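# Observations on chain architecture
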There are 2 protein chains.
Amino acid sequence: MSQLEGAMAAMIKVFHKYSGKEGDKYTLSNGELKDLIKNELGNFLGIPKDQGAVDGIMKKLDANKDGQVDFKEYFVLIGALTMLSNAGKGQK
Amino acid sequence: MSQLEGAMAAMIKVFHKYSGKEGDKYTLSNGELKDLIKNELGNFLGIPKDQGAVDGIMKKLDANKDGQVDFKEYFVLIGALTMLSNAGKGQK
């Protein structure tokens, strides 16, 4: 497996690690999203100080308004953060 | 750095490894895209048999029709492949 394929597998693995904790096994609830952000995106997003911050991210990601973040919605977050990170490298 | 942050860093690193080879340092030319697919996505896409296959992928990705694949267009490819891969895991 190449480095890029390993990265793709890691993104899937991390999603399911949290989505499987409670309720629908294939979507992130508000609590699961909060844990994922806290444990996996601390360096990018910092530790959310209050539940309101997580609620705000949840609302922005939850495109179909079902109160859950599915894999596609999760990938939008990863994409946005990765592009922000890459922007510092001169990408146009 | 968490596993997820490592994956994001790897996606950036792999893009620049190829985009920096010739021409515009921050976009993938047709030849650079072919090398990236061959070397980094062999398990997902197989080795493209002919230049026509790469041309087809390039045309689909090159949303702004400048003959180059920029980071955002590259991320669309990674996203599509990751979602295809995840779909086998019961994601709705």
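For the structure given in this document, a descriptive report is provided here. Since this is a predicted model, take the numbers as computed values, not measurements.

What counts, and at which threshold
- Residues numbered from 1 in each chain as written.
- Chains lettered and ligands numbered in written order.
- Predicted model: local features only at pLDDT ≥ 70, side-chain atom pairs only at ≥ 80, totals over all residues.
- Heavy atoms only, no water.
- Helix = DSSP H or I, 4+ residues; strand = E, 2+ residues; numbered from the N terminus.
- Rg over C-alpha atoms; globule rule 2.2 N^0.38 Å.
- Buried < 20%, exposed > 50% of the residue type's maximum accessible area, 1.4 Å probe, protein only.
- Contact = heavy atoms within 4.5 Å.
- Areas by Shrake-Rupley, 256 points an atom, 1.4 Å probe, with all protein chains shown as cover.
- Lys, Arg positive; Asp, Glu negative; His and termini not counted.
- Charge placed at Lys NZ, Arg CZ, Asp CG, Glu CD.
- Axes fitted to C-alpha atoms, helices over the stretch in contact; angles between N-to-C directions.
- Parallel < 35°, antiparallel > 145°, perpendicular 65-115°, else oblique.
- Nonpolar A, V, L, I, M, F, W, Y, C, P; charged D, E, K, R; others polar.
- Buried area = accessible area lost by both parts, 1.4 Å probe.
- Salt bridge = Lys/Arg side-chain N within 4 Å of Asp/Glu carboxyl O.
- Polar contact = N/O pair within 3.5 Å; in protein donor to acceptor, adjacent residues only side chain to side chain.
- Least-squares fit on C-alpha atoms with pLDDT ≥ 70 in both.

Our focus in this paragraph is the overall build of chain A. Along the backbone of chain A there are 5 helices and 0 strands. Along chain A, helices (α) and strands (β) appear in the sequence α-α-α-α-α when read from the amino end. Taking 12 Å as the expected radius of gyration for a compact globule of 92 residues, we find that chain A reaches 14 Å, a close match to that expectation. Counting only C-alpha atoms, chain A reaches 40 × 30 × 25 Å along its principal axes. For chain A, the residues scored as buried account for 43% of the 92 residues in total. For chain A, long-range pairs separated by at least 24 residues make up 42% of all intrachain contacts whose partners lie at least 6 apart in sequence. In the structure as shown, chain A presents an accessible area of about 4,600 Å², 56% of it carried by carbon and sulfur atoms. The positive charge centre, built from 13 side chains, and the negative charge centre, built from 12, are 7 Å apart in chain A.

With that settled, consider the packing of helix 2 (residues 30-40) of chain A against helix 4 (residues 51-61) of chain A. All names here are of chain A. With their axes 10 Å apart at the nearest point, helix 2 and helix 4 run at an angle of 105° to one another. Here helix 2 lies roughly perpendicular to helix 4, going by the angle between them. Taken together, the residues of helix 4 that come into contact with helix 2 (itself represented by Asn 30, Leu 33, Lys 34 and Ile 37) are Gln 51, Val 54, Asp 55, Ile 57, Met 58 and Leu 61. Grouping the amino acids of the contact of helix 2 with helix 4 by side-chain chemistry returns 6 nonpolar, 2 polar and 2 charged.

Before going further, it helps to spend a moment on the interface of chain A and chain B. Listed as interface residues are 38 residues of chain A and, on the opposing side, 38 residues of chain B. Of the roughly 3,500 Å² buried between chain A and chain B, counting both surfaces, carbon and sulfur atoms make up 70%. Summed over the shared surface of chain A and chain B, the result is 0 salt bridges. Linking chain A with chain B are 8 residue pairs in polar contact (both at pLDDT 80 or more). When contributions to the side of chain A that touches chain B are tallied by element, the ones reaching two or more residues are helix 1 (3-19), helix 2, helix 3 (42-45) and helix 5 (71-87) of chain A. Across the side of chain A that touches chain B, the residue classes tally to 18 nonpolar, 13 polar and 7 charged.

So, about the relation of the copies chain A and chain B. The transformation that overlays chain A on chain B combines an axial shift of 0.0 Å with a rotation of 180°, and the residual RMSD is 0.0 Å. Such a turn and shift between the copies fits a two-fold axis. No C-alpha of chain A lies nearer the rotation axis than that of Ala7(A), which sits 2.1 Å from it. The fraction of interface residues of chain A whose copies in chain B are also interface residues reaches 100%, indicating that both copies meet through the same surface.

Don't take any of this as a statement about function, it's just geometry.
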